[in-house]
Protein chains: 2
Amino acid sequence: MNPDALTNVLDGRWAPLRREVRAQLAEHAYDEPYGASTEDYRAWVWDKLSLLAKTGQPRYGFAREYGGGGDIGGSVVAFELLGYGDLSLMVKSGVQWGLFGGAVQLLGTKKHHERYLARIMDLELPGCFAMTETGHGSDVQHLRTTANYDPQAGQFVINTPDVGARKDYIGNAARDGRMAVVFAQLVTGGESRGVHAFLVPIRDERGEAMPGVEIGDCGRKAGLNGVDNGRLTFHGVRVPRDALLNRYGDVAEDGTYSSPIESDGRRFFTMLGTLIRGRISVAGGGISATERALALAVRYGERRRQFENPGTGQETVVLDYLAHQRKLLPAIATTYALHFAQEELVRTLHDIQGGDDVDERSQRELESRAAGIKAVATWHATKSIQTAREACGGAGYLAANVLPTLKADTDVFTTFEGDNTVLLQLVAKGLLTSYRDAFHDMSTLATARLVAEQFVDAVIERTAARKVIERLVDAAPGRDDDDALHDRGWQVSLFEDREKHVLEGAARRLRRAAEGDAFTVFNDAQDHVLRAAKAHVDRVVLEAFVAAIDRCEDAEARAMLDQVCDLYVLSNIEDDRAWFLEHGRLTSARAKSVVAAVNELCKKLRPHARTLVDAFAIPEPFLRAEMLE
Amino acid sequence: MNPDALTNVLDGRWAPLRREVRAQLAEHAYDEPYGASTEDYRAWVWDKLSLLAKTGQPRYGFAREYGGGGDIGGSVVAFELLGYGDLSLMVKSGVQWGLFGGAVQLLGTKKHHERYLARIMDLELPGCFAMTETGHGSDVQHLRTTANYDPQAGQFVINTPDVGARKDYIGNAARDGRMAVVFAQLVTGGESRGVHAFLVPIRDERGEAMPGVEIGDCGRKAGLNGVDNGRLTFHGVRVPRDALLNRYGDVAEDGTYSSPIESDGRRFFTMLGTLIRGRISVAGGGISATERALALAVRYGERRRQFENPGTGQETVVLDYLAHQRKLLPAIATTYALHFAQEELVRTLHDIQGGDDVDERSQRELESRAAGIKAVATWHATKSIQTAREACGGAGYLAANVLPTLKADTDVFTTFEGDNTVLLQLVAKGLLTSYRDAFHDMSTLATARLVAEQFVDAVIERTAARKVIERLVDAAPGRDDDDALHDRGWQVSLFEDREKHVLEGAARRLRRAAEGDAFTVFNDAQDHVLRAAKAHVDRVVLEAFVAAIDRCEDAEARAMLDQVCDLYVLSNIEDDRAWFLEHGRLTSARAKSVVAAVNELCKKLRPHARTLVDAFAIPEPFLRAEMLE
């Protein structure tokens, strides 16, 4: 089968842009500098970044009036595609144009845009996104850097009160950054107004640190050593009043604070919400790297032979072993699922941030999706790339075979742009809030069957494929039908049912928080809450897969995607079948048949493994590896 | 509680040696060269290796008559302890003294010992262990390097027929090795005699490659970059007849082959079996690195705070979160279990290889244990070190905090010294063979209840703690008793029952192999077979834990170990509870209570987390990290 038909489905809405960027990547392919010293690697990335600045790519996400492309989704997609290549380069570009440039665009106003955007796009002004502090990562609201407004001078004074408030892990800080968007507690008239962002020059033209700015180097890291992560400490650094990125909050000359959003909390979350693009981009980059790792492992698994088959006298290709298939094929299926979920997420982002009037509910939904898919996709990356490396044995341990770099570089994805565990809690919190909103009196829950039925509409918001899915669910066979395992409606119902049940249970447990020691109640239920979030994300991801199949017009590709989706679903159920058994959703016999069905699907898809990874359409130069020569 | 009492139990039989080596490590502590170039790192390791040669440690494993310590177990223990420090140094020492020196000692005879052992011990003769080829790793029996005997010259001619037969990933080859133990197919009189080992000089005194020896460099790797892995290609290299390590097979001057073991197959496996020490050492090194990673993560988890507890107004120490405890505490409990299993394994190795007359059954049992524990321990290392790094967030990604190096260095442990998947199959094969030996006619199986009862004695050989365990099992409460979860006898019975049932099922499936296409039948059952091996290893590990508790005389330590053992068992059951549910071993209610019990144990052990990792007694200099300053 020709992989192109699958590629078309995977490419989705930004197919033309993907084709263009892939062609550019293939044309300007480079040899990744494995084993380079930190300094050499940083210099290499800087050079490549400068070349990248010359292509149109970094401009996609910026407003047209300043020379940008006005294509938010396209900017994320272009970033994702960089994930097929050197990931330091991808991350560095994300810091410059996504985080730094994005903050100026989204938190700043016209004066900032006019002054800076063009210089940011063409890399004349390299910058940092200085949010995280040594002592505060996930808990951004409690950052401790201060920005005190001095009305006499008309300036903000940026200060790092102690080492815990030092800006840490800041990309672009150790070597290249000239300016930083610094997140700090704004204080004016003696009153704290919460976290705001300020433009602070950190280096002068000659690359020397500005007065009062102390710059440290995070040094060697597990991976991404081409990115110059550093530390910033501010000793009473003065910046003009204009340095405040004032879209959501401003300080008048006399120090009067004003904001279109009254509540400090809401303002803070609105600000953070606009920065969601970074999180979505990381998920996409992680998926690209996973695709590359799996493509390499499949190619090696198809040529590597070990142990003689006594029946044929030939040594067996390792991908013909069930254990090897079980390592790679469910991982490929899950990668397809996440790829489709990511594509849908980018579309939603594009439509919401591109629209004029963002309704809060949609924005909240987007943030929840972004958090959930980022967590699940990056954990999947860590696990699958590890599996891919092990599947290549000793060869997988050599830098010349790419996998070590992929593993080390993506490792941090699970904890940056939001720690995954914290993100899943955010997802759960959102679900529980919708839940509460939908049923004001939660005490009726336990008895009201009605509630359970309404639940799906109220909380389980269906994704793009709403209608398709309703049709599938309605047509689903009863639980005892033996064909049910491969019935999409049955599968979706099972995922929905799990989500609903786990969430209901968590809600019931948390109600007690109102009564006793809230922390203890929440903490004791933490595993339950995380499980609820995971069940939710799994359902969202499945629905995206269903929608993608529905879009597919090529019959052969569709049939193939149907099998891949089955493998995604059934391996997911297999991993979690204890839950389904415990809650009477699967009988023992059915649970065992899930395991058998996964084996069967591995066998069926084995001959198509190469097609499935070829369909990712990774530019061929990035699939060069010594072990494949 | 004072951790010393726990340390005493962990230290086991080689406690005095452990204390001595730990003191040495602490005294000669070094700063690990994070981020060094490959060349600098290799030079650094060489220097440290030379210092190590001056201590008595490398001598432990060699025969006293040549200046060794005659303490096989001690040599493994000393190696394990190096696992608290730089792992390139550990692996390089393993290559020199364990693999290279070990092969000369165990496969060679007096002439080789006299000529080489002293020079190997003091590092005057650095050497390699050249077994793996580019095309053959796990399948050693089909290596393709040849050693043809030329009776005219009285020499062997070593040849690499093609690139697939090139020796690959060979430690000590790229930079330092002067000699290599080369595994090759011995051919004499036109007849192939299977794989034998030959001493082949690869570099002269000035470090130049010997004539006919082509030396390549594997280059940068994921980790262990202080070890100079290389490639060796032999172009008709001639070595004298004496170069054959001739303990198990010899060639007379005229080319006549002789061996104390007639069967080529048995001879091969006997030779390999003597080399089991390397595999056991890797398991131990992996466990040490895991202990170090967990100790670092616990220390950080106890000081890192994030998010305010609304009840107290204080930020919460992250180790107080259930999700964080669930990441680290079950991993610590499993590490304890594996530590004890490893200690028992080393004792068995010591007693068997130190004895004069090795009975084949014990040797086979040792090999199976070694394979199983190596697979389980190194996968545990990969997973737990990853978890530890994620538990430290961004800090865990910085080289200055050690975890990235631990992750990258240990990563290859899952695939070297035997690919884990292949090793577990070896374990299963051994079990199935014992099974067949015990019941000649497997067809009676399905009906004979008697057989099932005899099974435990015949196949499930109990470990050191036989009597204790029988007593516990006999006293175990019935399945419905609510206290059963914490009853050791019930736990052991559950593990035994699982092992027996999975193994029986696998045996039944494989019987069909005699009928149909053997490869297909075996392959279709591969996941089942691997599961049988895993269930077996889990039981062996649990019994080692039970034996350790039984040895412990300190009441407080014993009570603590009891809880840790509970957590090991219950988190193991939790992970596998789908199986227990599917097979009617646990009711839904009981399965849910297992999850609750794990949460409860995490909470109970939380205040002792630091004590538990302190008890590993890792030399303090190796627990220095920037994040702990």
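Along each chain, residue indices are assigned from 1 in the same order as the chain's sequence is written. Ligands are numbered from 1 and chains lettered from A, in the order in which they are written. Where local features are concerned, this predicted model is filtered to residues with pLDDT of at least 70; where side-chain atom pairs are given and counted, the filter is 80 or more; whole-chain, interface and lining totals use all residues. To obtain the side-chain values, all non-hydrogen atoms of the structure were included, while hydrogens and water were left out.

1. Digging into the overall build of chain A
Across its full length, chain A carries 21 helices and 13 strands. Radius of gyration here uses only the C-alpha atoms, and the compact-globule reference equals 2.2 Å multiplied by the residue count raised to the power 0.38. Its C-alpha radius of gyration of 25 Å places chain A within 12% of the 25 Å reference for a compact globule of 629 residues. A simple rule labels every residue: compare its accessible area, found with a 1.4 Å probe on the protein chains alone, to the largest value its type can have, and call it buried under 20%, exposed over 50%, or partly exposed in between. Going through the 629 residues of chain A one by one, you find that 63% of them count as buried. By definition in these notes, contact holds between two residues if any of their heavy atoms fall within 4.5 Å. In chain A, of all internal contacts separated by at least 6 residues, the share reaching a separation of at least 24 is 74%. Note on areas: Shrake-Rupley with a 1.4 Å probe; residue coverage comes only from the protein chains shown. Of the roughly 22800 Å² of accessible surface on chain A, a fraction of 49% belongs to carbon and sulfur atoms. Treating the 76 positive side-chain charges of chain A as one cloud and the 91 negative ones as another, the clouds have centres 1 Å apart. Under the scheme used here, helices are H or I runs from DSSP no shorter than 4 residues and strands are E runs no shorter than 2 residues, and both carry numbers assigned from the N terminus. Asp and Glu count as negative and Lys and Arg as positive, but His and the ends of the chain are not part of the count. Every charge is mapped to an atom, namely NZ of Lys, CZ of Arg, CG of Asp or CD of Glu.

2. Remarks on the relation of the copies chain B and chain A
What sets the superposition is a least-squares fit of C-alpha atoms, and only residues with pLDDT of at least 70 in both copies go into it. Turning chain B through 180° and shifting it by 0.0 Å along the axis lays it on chain A, with an RMSD of 0.0 Å. Here the copies are linked by what is in effect a two-fold axis. Across chain B, the rotation axis passes nearest the C-alpha of alanine 578 of chain B, at a separation of 2.0 Å. Interface overlap between copies is the fraction of interface residues in one copy that are interface residues in the other; for chain B against chain A it reaches 100%, indicating a shared surface.

3. Here we look at the packing of helix α10 (residues 360-391) of chain B against helix α17 (residues 526-551) of chain B
Residues and elements named next belong to chain B. For helices, the axis comes from a line fit to the C-alpha atoms of the stretch in contact; other axes are also lines fit to C-alpha atoms, and the angle between any two N-to-C directions lies between 0 and 180 degrees. In the contact formed by α10 and α17, the axes pass within 10 Å of each other and the chain directions differ by 95°. Compared by their axis directions, α10 and α17 come out roughly perpendicular. Note on element contacts: α17 touches α10 through Lys534, His536, Val537 and Val540, opposite Ser368, Arg369, Gly372, Ile373 and Val376. Three classes are used, and their members are as follows: Ala, Val, Leu, Ile, Met, Phe, Trp, Tyr, Cys and Pro are nonpolar, Asp, Glu, Lys and Arg are charged, and the others, Gly among them, are polar. A per-class count over the contact of α10 with α17 returns four nonpolar, three polar and two charged. For classification purposes, angles smaller than 35 degrees are called roughly parallel, those larger than 145 roughly antiparallel, those between 65 and 115 roughly perpendicular, and all remaining angles oblique.

4. Overview of the packing of aromatic side chains
Both the distance between ring centres and the angle between the ring planes are used here to describe each pair of aromatic rings. Pairing of aromatic side chains here covers Phe, Tyr and the six-membered ring of Trp, requires ring centres within 6.5 Å, and sorts the geometry by plane angle: under 30 degrees stacked, over 60 edge-to-face, intermediate tilted. Per the stated rule, a full pass over the model turns up 28 aromatic pairs over all chains. Taken together, a centroid distance of 5.0 Å and an interplanar angle of 75° make the contact between phenylalanine 268 of chain B and phenylalanine 269 of chain B edge-to-face. Through pairs of rings, three or more aromatic residues link up here, namely Tyr30, Tyr41, Trp44 and Phe622 of chain A. Counted as over-ring charges are cases with an Arg CZ or a Lys NZ within 6 Å of the ring centre that also lie within 35 degrees of the ring normal. Directly above the aromatic system of phenylalanine 495 of chain A lies the positively charged group of arginine 498 of chain A, at a separation of 4.7 Å from the ring centroid.

5. Examining unusual backbone geometry
Across the chain, the bulk of peptide bonds are trans and the bulk of non-glycine residues have phi less than zero. All names here are of chain A. Positive phi is not limited to glycine here, since phenylalanine 307 has a value of about 70°. In this fold, phenylalanine 307 is placed in strand β12 (residues 305-308). By relative accessible area, phenylalanine 307 is classed as partly exposed at 29%. For valine 402, which is not glycine, the phi dihedral falls at a positive 70°. For valine 402, the position within the fold is in the loop between α10 (360-391) and α11 (403-410).

6. Considering the UniProt feature "domain: Acyl-CoA dehydrogenase/oxidase N-terminal" (unreviewed entry) in chain A
UniProt positions are given in the numbering used here, feature names are shortened, and annotations may be inferred rather than shown by experiment. Using the residue numbers shown here, the UniProt feature "domain: Acyl-CoA dehydrogenase/oxidase N-terminal" (unreviewed entry) corresponds to residues 17-122 of chain A. A helix fraction of 68% and a strand fraction of 0% characterise residues 17-122 of chain A, whose end C-alpha atoms lie 20 Å from each other.

7. What to know about the sheet that holds strand β4 (residues 167-170) of chain A
Residues and elements named next belong to chain A. Here, a strand pair is defined by DSSP locating no fewer than two bridges between the strands. Spatially, the three strands line up as an open sheet ordered β4-β8-β7, and their pairing is antiparallel. Taken across any chain shown, the strands that pair with only one partner, and hence form the sheet edges, are β4 and β7 (213-217). Going across the sheet, the axis of each strand differs from the next one's by a mean of 20°, ignoring polarity. The pairing of β4 with strand β8 (residues 230-234) spans two bridges and is classified as antiparallel. The partner of lysine 167 across the bridge, within β8, is leucine 232.

8. Comments concerning the nonpolar core
Across soluble globular proteins, you tend to see nonpolar side chains buried next to one another. Side-chain atoms within 4.5 Å are what join buried Ala, Val, Leu, Ile, Met, Phe, Trp, Tyr and Cys residues into a set we call a nonpolar core. Phe183 and Tyr336 of chain A together with Phe183 and Tyr336 of chain B are the most contacted members of the largest nonpolar core, which has 359 residues in total. With residues up to four places along the chain from it excluded, the contact list for tyrosine 336 of chain A reads Leu6, Leu10, Phe545, Leu561, Val564, Leu612, Ala615 and Phe616 of chain A.

9. Thoughts on the sheet that holds strand β4 (residues 167-170) of chain B
Residues and elements named next belong to chain B. Pairing is antiparallel across the open sheet formed by three strands, whose spatial order is β4-β8-β7. Across the chains shown, the open sheet's two edge strands, defined by having one partner strand only, are β4 and β7 (213-217). For this sheet, the mean inter-axis angle between neighbouring strands, taken without regard to orientation, is 20°. One ladder, built from five bridges, connects β7 with strand β8 (residues 230-234); its direction is antiparallel. Each bridged residue has a counterpart across the sheet, and for glycine 216 the counterpart in β8 is arginine 231.

10. Focus on the interface of chain B and chain A
Think of interface size as the accessible area that goes away when the parts come together; that is how it is often given. At the interface, 74 residues of chain B touch 74 residues of chain A. Buried surface at the junction of chain B and chain A, both sides included, amounts to about 5900 Å², of which 50% is carbon and sulfur. Here the buried area means the combined drop in accessible surface, using a 1.4 Å probe, for two parts upon being joined, counting both sides. Interface area lost by chain B to chain A is led by Tyr397, Phe519 and Glu582 of chain B, which between them contribute 13%. Every case where a carboxyl oxygen of Asp or Glu lies within 4 Å of a side-chain nitrogen of Lys or Arg is listed as a salt bridge. Taken together, the connections running from chain B to chain A amount to 10 salt bridges. Polar contacts, as used here, are pairs of N or O atoms within 3.5 Å; protein pairs need one atom able to donate a hydrogen and one able to accept it. Residues neighboring in sequence count only if both atoms are side-chain atoms. The interface formed by chain B and chain A holds 58 residue pairs in polar contact (both at pLDDT 80 or more) in total. Here the side of chain B that touches chain A takes six residues from helix α20 (residues 588-605) of chain B, the largest share from any one element. Of the residues assigned to the side of chain B that touches chain A, the class counts are 25 nonpolar, 24 polar and 25 charged.

11. Thoughts on the pairing of strand β5 (residues 179-188) of chain B
All names here are of chain B. Across the 10 residues that make up β5, a large majority, 10, are buried. Where strand β1 (residues 127-130) meets β5, four bridges bridge the pair, whose relative direction is parallel. Bridge pairing in β5 places alanine 130 opposite valine 182. As judged from the nine bridges shared by β5 and strand β6 (residues 191-201), these two strands associate in the antiparallel manner. Looking at the pairing, phenylalanine 183 lines up with alanine 197 of β6. Turn length for the β5-β6 hairpin, with the two strands adjacent in sequence and antiparallel, is two residues, and the turn residue glycine 189 shows positive phi of about 60°.

12. A few points about the packing of α17 of chain B against helix α18 (residues 555-575) of chain B
Residues and elements named next belong to chain B. Contact pair α17 / α18: the axes reach a minimum separation of 10 Å and the direction vectors enclose 170°. Classified by the interaxial angle, the pair formed by α17 and α18 is roughly antiparallel. Across from Lys534, Asp538, Val541, Leu542, Phe545, Ile549 and Asp550 in α17, the residues of α18 making contact are Arg558, Leu561, Asp562, Val564, Cys565, Tyr568, Val569 and Asn572. Partitioned by chemical class, the residues of the contact of α17 with α18 number nine nonpolar, one polar and five charged.

13. A word on the pattern of salt bridges
Oppositely charged side chains may form a pair once their charged atoms are brought near each other. Residue and element names in this part refer to chain A. Scanning the entire structure with this criterion turns up 97 salt bridges over all chains. Here arginine 347 and glutamate 343 are joined by a salt bridge, their closest N and O atoms 2.8 Å apart. Residue arginine 347 and its partner glutamate 343 are located together in helix α9 (residues 322-354), separated by four residues, close to a single helical turn. With its nearest N and O atoms 2.7 Å apart, the salt bridge here joins aspartate 411 to lysine 407. Among the charged side chains, a network of salt bridges with common partners joins Glu39, Arg42, Lys92, Arg175, Asp176, Asp217 and Asp228.

14. Observations regarding the side chain of asparagine 401 of chain A
All names here are of chain A. The residue asparagine 401 is located in the loop between α10 and α11 in this model. For asparagine 401, a relative accessible area of 2% corresponds to the buried category. Non-local contacts of asparagine 401, meaning those with residues more than four positions away in its chain, are made with Leu296, Ala395, Ala625, Glu626 and Met627.

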